Amino acid sequence: MAWIEIVIEVARAHAEPLSDALMDAGALSVSVEDADEGTEDEKPLFGEPGMEPDETAWDRSRVVALAEVDSDHASIVAEAAAAISLAATPTYTTRSVEEQDWVRLTQSQFAPIHIGKNIWVVPSWHDAPDADALILELDPGLAFGTGSHPTTRLCMEWLEAHAPKDLSVLDYGCGSGILAMVAKKLGASHVVGVDIDPQAIESAKYNAERNQCDIEYALPAEFGEAHPASEKFNVVVANILSSPLKLMAPMLAGRVAAGGSLILSGVLARQAEEVAAAYAPFIQLSVWAEHEGWVALSGQLAG
C-alpha cells in the first residue's frame, strides 16, 4: 500500500490544535516540522536533552499528515480547519510515500559504532567488524544509550582508558545498561546499574543477558534497600543531565570509595564549571574530555 503526506504550513499558534484536528478527521499520523529548516531563519526549538521546550512549535510550522492514498484529502483538511475555527481552509500540498521494506530501511540506518580504541557497538543484524574487539550487541530501543550520543561515548572511552579490572562499578542512570556492560567486559568484579525508569531496567537486563554480562540492575528504592549508603564503589559513573547531577552531588559522591573515581557526563561544556562546583565539597572534578560540545568530568576521591 502507498500513502500520501498532506503538507500544510501554519503559524505556531495553529500547529498543535491543527495536528489534533487532522487526526480526528482521519489522518493516520501527524508530525510538525520547522518550515524554515535549512535556511538562515531555521530556529532550534529544543535545548538540553530531556528538557521540555518553552515553545511547542516553530514560528512557521509545517504540519505533515499521513493519509491513505484514496482518502479525501481536501475533506480531511477542511474538516480539521473548521474544527479549530480557522477563518479559511489552508492551502496544502501532497507528496507520495511509497511502500518500502520499513524494517530493512530502519536497520540500514544503524551500522556498527566504533568507540575508543577497541570497542564496537553492533546491532544484532550486523556482523562484528573485529571479532577480537570488545563487542557489545545492542539494538536501538526505548532506553537511552547505544554509543551514538557524545555523552555515552565519552563515558565508554573513560572506562576503556581506566579499565576497572577487579573493581566495583556503579552506573547511576544506566538506561540501556551499555556503560555497565562495558565495565563488566573490562573486568569489573561487581557492577550495579540504577535507573528511575522500570522500562530501562528491563531493557538493561535483557541487554546484559544477550551480552553474557552478570550485572545487577535496580530501581533507586531497590538499590537503596540492597546497598545501604555506607556501601561504596571503586568507580561511580553517571551519564544523566546537569540539573539532576547537581542535585545528586551528595549522594553520588558519597558512593565513591576512598581512592575511587567519579565520572559524570550529560554535561554541556558551558555547564562544566557549575557542575564541578556542586561536587567541590565532596570531590574535585575536572574536564576529562570534550566531544561535540559535551564533556565528561572526572575526579578521584582522596584515599
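Above this text sits the structure in question.
### Comments concerning the sheet that holds strand E8 (residues 168–172)
So, point 1. Spatial ordering of the open sheet is given by E10-E9-E8-E11-E12-E14-E13, a layout of seven strands whose pairing is mixed. Across the chains shown, the open sheet's two edge strands, defined by having one partner strand only, are strand E10 (216–218) and strand E13 (286–291). When the angles between neighbouring strand axes are averaged without regard to direction, this sheet yields 15 degrees.
So, point 2. Judged from the four bridges that link them, E8 and strand E11 (residues 233–239) form a sheet pairing that is parallel. Counterpart to Asp171 in the pairing with E11 is Val237.
So, point 3. Each of strand E9 (190–194) and E10 is contacted by helix H6 (residues 198–210), which is oriented at about 170 degrees to E10, the strand it contacts most.
So, point 4. The sheet strands contacting helix H10 (residues 272–279) are strand E12 (256–268), E13 and strand E14 (294–300), and the helix crosses E12 at an angle near 150 degrees.

### Describing the packing of helix H1 (residues 12–24) against helix H2 (residues 73–83)
So, point 1. Look at H1 against H2: their axes get within 8 Å of each other, and the N-to-C directions meet at 130 degrees. Our classification of the angle between H1 and H2 gives oblique. Two packed elements cross with a definite hand, and for H1 against H2 that hand is right-handed. Residues Leu18, Ala21, Leu22 and Asp24 of H1 form the contact with H2, whose participating residues are Ile76, Val77, Glu79, Ala80, Ala81 and Ala83.
So, point 2. Class assignment of the residues belonging to the contact of H1 with H2 gives a composition of eight nonpolar, no polar and two charged.

### Quick look at the packing of helix H4 (residues 150–161) against helix H5 (residues 178–185)
Helix-helix packing: each pair is described by the crossing angle between the helix axes and the interaxial distance.
So, point 1. Closest axis-to-axis distance for the H4/H5 pair is 10 Å, and the angle between their directions is 15 degrees. As far as their axial angle goes, H5 and H4 are roughly parallel. The way H4 lies across H5 gives a crossing that is right-handed. Facing Thr152, Cys155, Met156 and Leu159 of H4, the residues of H5 in contact are Ile178, Leu179, Val182 and Ala183.
So, point 2. When its residues are assigned to classes, the contact of H4 with H5 shows seven nonpolar, one polar and no charged.

### Concerning the nonpolar core
So, point 1. Counting 31 residues, the largest nonpolar core has Val121, Leu136, Met156, Ile215 and Tyr217 as its most contacted members.
So, point 2. Broken down by secondary-structure element, the contributors of at least two residues to this core are strand E5 (113–115), strand E6 (119–122), strand E7 (134–137), H4, H5, H6 and E11.
So, point 3. In terms of residue count, H5 provides more of this core than any other element does, six residues in total.
So, point 4. Ignoring sequence-local partners within four residues, the contact set of Leu136 consists of Trp120, Val121, Val122, Met156, Ile178, Met181, Val182, Lys185 and Asn211.
So, point 5. Among the nonpolar cores identified, the runner-up in size contains 26 residues, and Ala272, Ile283, Leu285 and Leu297 belong to it.

### Notes on H10
So, point 1. Every buried residue of H10 is listed here: Ala272, Val275, Ala276 and Tyr279. The buried residues of H10 occupy an angular sector of 100 degrees when projected down its axis, which confines them to one face.
So, point 2. Tucked into the core, H10 has its buried residues touching helix H8 (242–247), helix H9 (249–254), E12, E13 and E14.

### Section: the sheet that holds strand E3 (residues 60–68)
So, point 1. Spatially, E2-E3-E1-E4 is the arrangement adopted by the four strands of the open sheet, whose pairing is antiparallel. Two strands close off the open sheet at either side, each with one partner strand: strand E2 (29–34) and strand E4 (93–97). Each strand of the sheet is rotated relative to its neighbour by a mean of 25 degrees, with strand direction disregarded.
So, point 2. Pairing between strand E1 (residues 3–11) and E4: five bridges, direction antiparallel. By the bridge assignment, Val7 is partnered in E4 with Thr93.
So, point 3. The sheet contacts of H2 involve E1 and E3, and relative to E1 the element is tilted by about 30 degrees.

### Overview of the environment of Glu5
So, point 1. With respect to the helices and strands, Glu5 occurs in strand E1.
So, point 2. Those residues within four positions of Glu5 in sequence are excluded, and the remaining contacts are Val64, Ala65, Leu66, Thr93, Thr94, Arg95 and Val97.
So, point 3. A polar atom in the side chain of Glu5 sits 2.6 Å from the side chain of Arg95.

### Looking at H5
So, point 1. A large share of H5 lies buried, amounting to six of its eight residues.
So, point 2. Listed in full, the buried residues belonging to H5 are Ile178, Leu179, Ala180, Met181, Val182 and Ala183.
So, point 3. Positive phi shows up at Gly187, right after H5, with a value of about 105 degrees.

What counts, and at which threshold
- Residues numbered from 1 in each chain as written.
- Predicted model: local features only at pLDDT ≥ 70, side-chain atom pairs only at ≥ 80, totals over all residues.
- Heavy atoms only, no water.
- Pairing = 2+ DSSP bridges.
- Helix = DSSP H or I, 4+ residues; strand = E, 2+ residues; numbered from the N terminus.
- Axes fitted to C-alpha atoms, helices over the stretch in contact; angles between N-to-C directions.
- Contact = heavy atoms within 4.5 Å.
- Parallel < 35°, antiparallel > 145°, perpendicular 65-115°, else oblique.
- Left-handed = near helix turned anticlockwise from the far one by under 90°.
- Nonpolar A, V, L, I, M, F, W, Y, C, P; charged D, E, K, R; others polar.
- Core = buried A, V, L, I, M, F, W, Y, C linked by side-chain atoms within 4.5 Å.
- Buried < 20%, exposed > 50% of the residue type's maximum accessible area, 1.4 Å probe, protein only.
- Arc of directions from axis to C-beta.
- Polar contact = N/O pair within 3.5 Å; in protein donor to acceptor, adjacent residues only side chain to side chain.

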